[in-house]
Amino acid sequence: MDRAQKEKVVEELGQIFESSGVVVVAHYEGMTVAQMQDLRADMRSAGGSVRVAKNRLAKIALEDKPCASIGSLLTGMTVLAYSEDPVAAAKVADAYAKKNDKFVILGGAMGNTALDPAGVKAVASMPSREELIAQIVSCIGAPASNIAGAIGAPASNIAGILSTLEEREAA
């Protein structure tokens, strides 16, 4: 890799570190190509990405970035999992680490906050952006359905009372 290519990689990594909601650093030593492709597919379906880069170039890209604290994690065979959604990459990485013991989460960063492996698990247990939106929509929709039920209830109560009165008269 010549200097121009290295500068391009550093620039790309810098963009990743600036724009990502969460960056997870993990060791992947001993994983097969098929397992790595499986991880990439899982991450892509969740809206994230996986990147393997030279640790030295990643450390250069981390300078003056919000998540510069993860520089100490970049030793050995490391992979970066990242997403704009602050929860997606952590969820996928945590789930993948549970099913593949060769994928070991070292930590990560969420904005300026450094995360240890337990912090990544905590972030992974949080609801994703889509889940939060669904919860908010259901909370907003619940009062409307209650109002509709309350408005419709007197009419059905009157109909029920009339039918019982008719049954009494008929009997």
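Residues numbered from 1 in each chain as written. Predicted model: local features only at pLDDT ≥ 70, side-chain atom pairs only at ≥ 80, totals over all residues. Heavy atoms only, no water.

- Per an unreviewed UniProt entry, the protein chain carries the name Large ribosomal subunit protein uL10 and comes from Albidovulum sediminis.
- Recorded under Function (unreviewed entry), the UniProt text for the protein chain is reproduced unchanged: "Forms part of the ribosomal stalk, playing a central role in the interaction of the ribosome with GTP-bound translation factors." (UniProt positions renumbered as here; feature names shortened; annotations may be inferred.)

Some thoughts on the packing of helix α4 (residues 88-99) against helix α5 (residues 117-124)
Here is step 1: Between α4 and α5, whose axes approach to 8 Å, the crossing angle comes to 110 degrees. One element, α4, and the other, α5, form an angle in the roughly perpendicular class. For the pair α4 and α5, the crossing hand works out as left-handed. Contact with α4, carried on its side by Ala-90, Lys-91 and Asp-94, involves Val-120, Lys-121, Val-123 and Ala-124 of α5 and no other residues of that element.
Here is step 2: Of the residues belonging to the contact of α4 with α5, the class tally is four nonpolar, no polar and three charged. (Axes fitted to C-alpha atoms, helices over the stretch in contact; angles between N-to-C directions. Helix = DSSP H or I, 4+ residues; strand = E, 2+ residues; numbered from the N terminus. Parallel < 35°, antiparallel > 145°, perpendicular 65-115°, else oblique. Left-handed = near helix turned anticlockwise from the far one by under 90°. Contact = heavy atoms within 4.5 Å. Nonpolar A, V, L, I, M, F, W, Y, C, P; charged D, E, K, R; others polar.)

A look at the sheet that holds strand β5 (residues 113-115)
Working definition: the strands of a sheet are paired by backbone hydrogen bonds and lie parallel or antiparallel to each other.
Here is step 1: Read from one edge to the other, the open sheet built from five strands follows the order β2-β3-β1-β4-β5, with strand pairing classed as antiparallel. With partners counted over all chains shown, the strands left at the sheet margins are β2 (48-51) and β5, one partner each. Adjacent strand axes in the sheet meet at a mean angle of 15 degrees, parallel and antiparallel pairs treated alike.
Here is step 2: Pairing geometry for β2 and strand β3 (residues 78-83), over four bridges, is antiparallel. Residue pairing for β3: Gly-48 is matched across the bridge by Ser-83.
Here is step 3: Docked against the sheet, helix α2 (residues 33-45) engages β2 and β3, running at close to 150 degrees with respect to β2. (Pairing = 2+ DSSP bridges.)

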